[in-house]
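Spelled out, the chains give:
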Amino acid sequence: MHFELSEEQIMIQQAARDFAQHELKPGVIERDEHQKFPAEQVKQLGELGFLGMMVDPKYNGSGLDAISYVLVMEELSKIDASASVVVSVNNSLVCYGLEAYGSEAQKEKYLKPLAAGEQIGAFCLSEPEAGSDATSQRTTAEDKGDYYLLNGTKNWITNGSTATTYLVIAQTHPELKHKGINAFIVEKGMEGFTVGPKENKLGIRGSDTHSLMFNDVKVPKENRIGEDGFGFKFAMKTLEGGRIGIAAQALGIAQGAFELATQYAKERKTFGKPIAEHQAIAFKLADMATQIEAARLLVYKAAWLKSQGLPYTQAGSMAKLYASKVAMDVTIEAVQIHGGYGFVKEYHVERLMRDAKITQIYEGTSEIQKMVISREVIR
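Below you will find a few notes about this structure. Note that the structure is a prediction, hence the values are computed from the model and not measured.

Thresholds, definitions, all that
- Residues numbered from 1 in each chain as written.
- Predicted model: local features only at pLDDT ≥ 70, side-chain atom pairs only at ≥ 80, totals over all residues.
- Heavy atoms only, no water.
- 1 Å grid on protein atoms, 1.4 Å probe; cavity = no way out; pocket = protein on both sides within 12 Å on 5 of 7 lines; lining within 4 Å.
- Points joined across faces, edges and corners; volume = space filled by probe spheres on them.
- Helix = DSSP H or I, 4+ residues; strand = E, 2+ residues; numbered from the N terminus.
- Nonpolar A, V, L, I, M, F, W, Y, C, P; charged D, E, K, R; others polar.
- Domains from an automatic or database assignment.
- Axes fitted to C-alpha atoms, helices over the stretch in contact; angles between N-to-C directions.
- Parallel < 35°, antiparallel > 145°, perpendicular 65-115°, else oblique.
- Left-handed = near helix turned anticlockwise from the far one by under 90°.

**Topic: empty space enclosed by the protein**
Consideration 1: Throughout the structure, instances matching the rule amount to two cavities of 30 Å³ or more.
Consideration 2: What the largest cavity holds in volume is close to 60 Å³.
Consideration 3: Forming the boundary of the largest cavity are Val-28, Arg-31, Asp-32, Lys-36, Asp-80, Ser-82, Ile-204, Arg-205, Gly-206, Arg-351 and Asp-355.
Consideration 4: When contributions to the lining of the largest cavity are tallied by element, the ones reaching two or more residues are α2 (28–34) and α10 (349–357).
Consideration 5: Of all the elements, α2 adds the most residues to the lining of the largest cavity, at three residues.
Consideration 6: Split into classes, the residues belonging to the lining of the largest cavity amount to two nonpolar, two polar and seven charged.
Consideration 7: Counting contributing residues, the lining of the largest cavity receives three or more from each of domain 1 (7–120) and domain 2 (122–231).
Consideration 8: What lines the second largest cavity is Met-54, Tyr-69, Ser-92, Tyr-96, Gly-241, Ile-244 and Lys-306.
Consideration 9: Mapped by element, the contributors of at least two residues to the lining of the second largest cavity are α5 (81–101) and α7 (231–267).
Consideration 10: The residue makeup of the lining of the second largest cavity, split by class, is four nonpolar, two polar and one charged.

Now the structure itself:
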């Protein structure tokens, strides 16, 4: 067993850390307050090659492994989870889905600009009646010969108004249930495709989250991904990798809060000494550090398995389930250690606590992860 990072991985980690500190941290509180999408920072992330990290260089990707990807996710998420979720969706869901299952023409037309960071993408699965139950797709795609007619609504879509390429899951053959679902590439600007108002959220407020409406949108036949009926399998396979990205995001949020709490505990004095020297606080820090390290090992293992081409379904779900719980537990304790200061925006930890909650919900709730893990264990 080897726990050392390679020189290249350390270099990538440092680059992400520097970017987070110098480009994301200034203005992060204001972006959260005003729900402002970090457009300029996302553009820079694309220029750094962070939006197509695992994509083959022949499609304008960086050709890196999944460990490098989670290192970047962790560092960005310490500072700004609203920016890191853009990296997660573009890498884990959109670029991965197109590279793994798209046609050569689809890769040339859509994957290349996405991997280069010239455009960003969105993954459209959730609906008003289909969240955890992804089989209940109400969005329909009627086969009209050389095109499909798309109708329906998608909810909670990250990059909803800023994306240019949307991977949309829809039902074509209701009688076949989940085996009748398809996945389509929809472009911004297609007639009948409209974006709803931005959601006013508890956390990741800088993230661009919208509902999408499709009213008789004509999607060319060549924009279907895979064979007829492949859509549900496409969504599930893609989300498996997405869980690793969100697990890394949760890990980063926890680490960021822990670092702030540790620094504060060393500086803040009560009863004549730093609060870090009081056992009540010292033991909190010990528990936080242990939880984070356990989460990190789960996340890195899942990423390593994916990079090796080995099965990672169970590992990915375990990583997301545990890391998201750690993110919540650690951020709550970080606020507690800061006392009254933890309750105000200037000290960052209240934002990290709000951002942590979504990691237990999106790309498969904690309850869904337990279903996945239990099935794998029983099997």
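Now that the structure has been shown, the text picks up again.
**Quick notes on the packing of α7 against helix α9 (residues 313–338)**
Consideration 1: One way to put it is that α7 packs onto α9 with a least axis distance of 8 Å and a crossing angle of 25°. If you check the angle between α7 and α9, you find them roughly parallel. As α7 runs across α9, the sense of the crossing is left-handed.
Consideration 2: Here the contact of α7 with α9 is built from residues that sort into 20 nonpolar, six polar and three charged.

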